[in-house]
Amino acid sequence: MKSAVETLNPTRVRLTVEVPFEELKDSLDAAYKKINQQVTVKGFRKGKIPARVIDQRFGRGAVLEEAVNDALPKFYTEAVNEAELSPLGQPEVDITELKDGETLNFTAEVDVRPALEIPDYSGIEVEVDAVEVTDEDVEKSVEQLRERFASTSPVERAAEDGDVVTIDLEAKVDGEVLEDGIANGVSYTIGSGELLDGIDDAVKGLSAGEDATFTSELKGGSAAGREAEVTVKVTQVAARELPELDDDFAQLASEFDTLEELKADSRKRLANMKQFDQATQAQERVLEKLLELVEVPVPEKLLEDEINTRKHNLEHHQLGQMGLTLDKYLEIQGKTAEEFETETREAAVKGIKTQFVLDELVKKENLNVNQEELTEHLMRRAASSGMSPDQFAQAVVEGGQVPLLVGEVARGKALAVVVEAATVKDTNGEIVNLDDEEEETEAAEASETSETSEENAEG
């Protein structure tokens, strides 16, 4: 077999392959054997029909077609390996010549990973938010905890803001009560905004036993997105009572003995959260600077596949679970279809470029992934997916996704290398020293932005 490579553009090549006919022998033998098992010829036992009889009865062309279909993937793979290419997706194959007994010639056009030059990235500088926890932050945190320990007690008066009301709901569309439009005994805190638009104004001022009717757009169910006439009846009004902020509350709500100890712990937790956010911000901004340094051509077919995958996941998974259509989602977001298309394309381009650049860094820096790193990453992915580690691991293995997870971890390590080399300052002008272990953990998660891109590329 002989092959040659023609570069059509930075992300696409054409392979020209010439295969001497003798190299098709194994595939021809397999073709005759397969046809033997599929047909019957009077006078011959099944599977024992001579090749000349098959040629006469069914045509040599049918045998050649079967043999070529069997042989093409093998010769294509050999040509790819010989040229040391990194193909993306499936090739477009064209048989240019097939002479029985002489030769098989074909071409294969395929997208490939572009050759990238990673420049010196040690000069990257980024600014991130300073880690500052104010007294107001602490007070807000403690107040939120206090809200969780609020108690309620029934009152004989009209409902007010902050009260917890027990209500019955009935929704009608076009005068007909919806099958799923009745709910009884619903507990609702006035002002929380957790139910329907307009319900707060409707229930405020009502006492137990009174009702009101209002119009609202349904957020879920069989008539999601449609205007409905909703009748709400209050069956109980309860006032919320917050516990006193004192040492007794600290002992009730935490493992601490005093309110001051609880506040000190809240301050520490808030600082840790802000450091976590600061590290994530550093990685995102360093990655943006790195992508600016590298010229990355993007294969158009891969980009279109990535865009379609993102749209499909949004419409059929995320929005589907919320009972929203894409049009309704865009309305809520205040975006036009054109703005959505632009944002989706930009995100897809960034995801693909991120994968290409970090993969190149993995090779340049000779980064490897050990079992411990892979296991830690698997545990994080399992937690974010809502599955147990065992369930997630089984799904990964059965789906042949282990290489994808290895790639995610490797790209995370590559990003961590760049972040470590960069100069990170906060808004106060202070140098930020990011913890290496946290950096790698977060970088691994950041690299997942290109996970879908890799799935498309491998497909």
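Under an unreviewed UniProt entry, the name given to the protein is Trigger factor, and the source organism is Streptomyces cinerochromogenes. Turning to the protein, the UniProt annotation filed under Sequence similarities (unreviewed entry) states: "Belongs to the FKBP-type PPIase family. Tig subfamily." Looking at the protein in UniProt, the text filed under Subcellular location (unreviewed entry) is "Cytoplasm".

Chemist: Go over the UniProt feature "domain: PPIase FKBP-type" (unreviewed entry) in the protein with me, naming the residues and quoting the values.
Modeler: When the UniProt feature table is mapped to this numbering, "domain: PPIase FKBP-type" (unreviewed entry) covers residues 162–215. For residues 162–215, helix accounts for 9% and strand for 54%, while the C-alpha atoms at its two ends are 22 Å apart.

Chemist: Describe the sheet that holds strand β1 (residues 2–9), naming the residues involved and giving the relevant values.
Modeler: As summarised here, the arrangement of the 4 strands in space is β1-β2-β4-β3, forming an open sheet in which the pairing is antiparallel. The outermost strands of the open sheet, each flanked by one partner alone, are β1 and β3 (87–99). The average angle at which neighbouring strand axes cross in this sheet is 20°, direction not considered. In terms of strand pairing, β3 meets strand β4 (residues 103–112) through 9 bridges, oriented antiparallel. Looking across to β4, one finds that P87 is bridged to V112.

Chemist: Explain the confidence of the model for the protein to me, using residue names and the numbers behind them.
Modeler: Considering every residue of the protein, the mean pLDDT works out to 89; 95% of them sit at 70 or more. In the model, residues 436–454 has pLDDT below 50 throughout and makes 52 contacts with residues more than four positions away in sequence or in other chains.

Chemist: Just give me the short version of the environment of F58, but keep the residues and values in it.
Modeler: Along the chain, F58 falls in helix α2 (residues 51–58). Here F58 falls in the partly exposed class, since its relative accessible area comes to 36%. The spatial distance from the C-alpha of F58 to the C-alpha of Y76 is 28 Å, given a sequence separation of 18 residues. Those residues in contact with F58 that lie beyond four places of it in its chain are V39 and V41.

Chemist: Tell me what's going on with the packing of helix α1 (residues 25–38) against helix α3 (residues 60–83), and back it up with residues and numbers.
Modeler: Helix packing for two helices is described by the angle between their axes and how far apart those axes are. α3 packs onto α1 with a crossing angle of 120° between their chain directions and a minimal axis gap of 8 Å. One element, α1, and the other, α3, form an angle in the oblique class. When the axes of α1 and α3 are compared, the crossing they make is right-handed. Listed contacts from α3 to S27, L28, A31, Y32, K34 and I35 of α1 are R60, A62, V63, L64, E66, A67, D70 and A71.

Chemist: Outline helix α8 (residues 300–322), listing residues and values.
Modeler: Compared with the 33 Å implied by 1.5 Å per residue over 23 residues, the 32 Å span of α8 between its first and last C-alpha is a close match. The largest bend along α8 measures about 35° and falls at L314. Among all positions of α8, only L302, L303, E306, I307, K311, L314 and L319 are buried. Following α8 by one or two positions, G323 adopts a phi angle in the positive range, close to 70°.

Chemist: Give a detailed account of the pairing of strand β5 (residues 125–128), specifying residues and quantitative values.
Modeler: Alternating residues of β5 divide into V126 and V128, all buried, and E125 and E127, none buried. Here β5 runs beside strand β11 (residues 423–426); their pairing, made up of 4 bridges, is parallel. Looking at β11, one finds that V128 is bridged to D426.

Chemist: Describe in detail a nonpolar patch on the surface, supporting the description with residues and values.
Modeler: A cluster of nonpolar side chains, contributed by V93, I95 and L98, occupies part of the molecular surface with about 220 Å² of accessible area. Note that L98 resides in strand β3.

Chemist: I'd like a rundown of the pattern of salt bridges, residues and numbers included.
Modeler: Taken as a whole and assessed by the stated rule, the structure comprises 34 salt bridges. Residue E109 pairs with R14 through a salt bridge whose shortest N-O separation is 2.9 Å. With E109 in strand β4 and R14 in strand β2 (residues 12–20), this pair connects stretches of sequence that are 95 residues apart. With a shortest N-O distance of 3.0 Å, R226 and D174 are connected by a salt bridge. Within this pair, whereas R226 is found in the loop between β9 (211–217) and β10 (227–241), its partner D174 is found in the loop between β7 (164–173) and β8 (176–189), the two being separated by 52 residues in sequence. With a relative accessible area of 68%, D174 lands in the exposed category.

Each value, and the rule that gives it
Residues numbered from 1 in each chain as written. Predicted model: local features only at pLDDT ≥ 70, side-chain atom pairs only at ≥ 80, totals over all residues. Heavy atoms only, no water. UniProt positions renumbered as here; feature names shortened; annotations may be inferred. Helix = DSSP H or I, 4+ residues; strand = E, 2+ residues; numbered from the N terminus. Pairing = 2+ DSSP bridges. Axes fitted to C-alpha atoms, helices over the stretch in contact; angles between N-to-C directions. pLDDT = per-residue confidence, 0-100. Contact = heavy atoms within 4.5 Å. Buried < 20%, exposed > 50% of the residue type's maximum accessible area, 1.4 Å probe, protein only. Parallel < 35°, antiparallel > 145°, perpendicular 65-115°, else oblique. Left-handed = near helix turned anticlockwise from the far one by under 90°. Expected span 1.5 Å × (residues − 1). Bend = angle between axes of the 7 residues up to and from the residue. Patch = residues over 30% accessible without salt bridge, like charges linked within 9 Å, V, L, I, M, F, W, Y side chains within 5 Å. Areas by Shrake-Rupley, 256 points an atom, 1.4 Å probe, with all protein chains shown as cover. Salt bridge = Lys/Arg side-chain N within 4 Å of Asp/Glu carboxyl O.

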